[in-house]
Amino acid sequence: MNLTIFGASGRTGTPLVAQALAAGHTVTAFVRDPAKLTIQHERLAVVQGDTTDAHAVARAIAGADAVLSALGQTKNSPADVQTVAMRNIIAAMQQHDVKRLVSLTGGGVRAPQDQPKLFDHVIRFALATLSGKVLRDAIAHAELIQASNLDWVIVRGPVLTTGPFTGAYQVGWVGMDGKPQVSRADVADFMLKQVTDTAYLRKMPMLGGA
């Protein structure tokens, strides 16, 4: 498949690109700084651009079979970076008739199936208090996706670590038993599976450590 990956040079995007190539996919990696993505492969095209540029986003999505987003807030990013990017991504997917979208966000974004425990409420309150702009941006980006006509999966993660791929992670909803952290390589693995899997179509599964 031809996959376009946004946030490809980030800490989750990089293993996502590597795993997609290892699985035989052709990847278009959309990055702001190509020097940050050190992977080289004959099936990898690195496209420099900014997700606030709707035309650049559309060019990167043209010809794709699916789109994956590992975008997130960084220290100097605008308060609405995910929301603006997703607005442009959705418009470009509709323009080019690309249906499958997989986007990563945090566990502070709630789903109807969630059954949060006291710990989850505390964490969400802390996020809202200390990182309110991040949470608001994540929620707004998810609302845009849910309102679209795309075949979407929003993957939610807890604390993400730089540990190795294990394949031993849990999939469920906020409130499930499991470790409140998971490696970025495991998150990438699950995101990649959602390109073809339909079990979580138009849902927001939560990952956790086994």
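Remember, it's a predicted structure, so these values are computed and weren't measured experimentally. (Residues numbered from 1 in each chain as written. Predicted model: local features only at pLDDT ≥ 70, side-chain atom pairs only at ≥ 80, totals over all residues. Heavy atoms only, no water.)

Some remarks on the overall build of the protein
In terms of regular secondary structure, the protein is built from six helices and 10 strands. Computed over C-alpha atoms, the radius of gyration of the protein comes to 16 Å, within 12% of the 17 Å expected from 2.2 N^0.38 for 210 residues, which places it in the range of a compact globule. Seen along its three principal axes, the alpha-carbon backbone of the protein occupies a region of about 45 × 30 × 30 Å. Among the 210 residues that make up the protein, the fraction classed as buried is 48%. Once local pairs closer than 6 in sequence are excluded, the contacts in the protein between residues at least 24 apart make up 69%. Each charge class in the protein was averaged separately, 20 positive and 16 negative side chains, and the resulting centres sit 5 Å apart. (Helix = DSSP H or I, 4+ residues; strand = E, 2+ residues; numbered from the N terminus. Rg over C-alpha atoms; globule rule 2.2 N^0.38 Å. Buried < 20%, exposed > 50% of the residue type's maximum accessible area, 1.4 Å probe, protein only. Contact = heavy atoms within 4.5 Å. Lys, Arg positive; Asp, Glu negative; His and termini not counted. Charge placed at Lys NZ, Arg CZ, Asp CG, Glu CD.)

Regarding helix H2 (residues 54-61)
Owing to its 3.6 residues per turn, the α-helix aligns residues three or four sequence positions apart on the same side. For H2, the full list of buried residues reads Ala56, Val57, Ala58, Ala60 and Ile61. Of the surrounding elements, those touching the buried residues of H2 are strand E1 (2-6), strand E2 (26-31), strand E4 (66-69) and helix H3 (81-95). Directly after H2, the chain includes Gly63, whose backbone phi takes a positive value near 90°.

Observations concerning unusual backbone geometry
Positioned with a positive phi, Asp97 is a non-glycine residue whose angle comes to about 55°. Checked against the element boundaries, Asp97 lands in the loop between H3 and strand E5 (100-106). Residue classification places Asp97 among the exposed positions, given a relative accessible area of 59%.

Examining the side chain of His25
Position of His25 relative to the elements: it lies in the loop between helix H1 (13-22) and E2. In contact with His25, not counting residues within four places along its chain, are Met1, Leu3, Ala20, Arg43 and Leu192.

Thoughts on the environment of Arg11
Along the chain, the position of Arg11 falls in the loop between E1 and H1. Between the alpha carbons of Arg11 and Ala29 there is a distance of 14 Å; along the sequence they are 18 residues apart.

Concerning helix H6 (residues 184-193)
Most of H6 sits inside the fold, with nine of its 10 residues counted as buried. Within H6, burial applies to Arg184, Ala185, Asp186, Val187, Ala188, Asp189, Phe190, Met191 and Leu192.

Overview of the pattern of salt bridges
Scanning all chains against the criterion turns up four salt bridges. A salt bridge links Arg156 to Asp114; the shortest N-O distance between them is 2.8 Å. One end of the pair, Arg156, is in strand E6 (residues 151-157); the other, Asp114, is in the loop between E5 and helix H4 (118-130), and 42 residues separate them in sequence. Note on accessibility: Arg156 and Asp114 belong to one class, buried. A salt bridge links Lys193 to Asp189; the shortest N-O distance between them is 3.3 Å. Taken together, the positions of Lys193 and Asp189, both in helix H6 and four residues apart, correspond to about one turn of that helix. Residue Lys193 is classed as partly exposed on the basis of its relative accessible area of 45%. We classify Asp189 as buried; its relative accessible area is 14%. (Salt bridge = Lys/Arg side-chain N within 4 Å of Asp/Glu carboxyl O.)

Quick word on the side chain of Gln194
Structurally, the position occupied by Gln194 is in the loop between H6 and strand E10 (206-209). Among the polar contacts made by the side chain of Gln194, one reaches the main-chain carbonyl oxygen of Phe190 at a distance of 3.1 Å. Excluding its chain neighbours within four sequence positions, the residues that come into contact with Gln194 are Arg100, Val102, Val153, Val155 and Tyr200. (Polar contact = N/O pair within 3.5 Å; in protein donor to acceptor, adjacent residues only side chain to side chain.)

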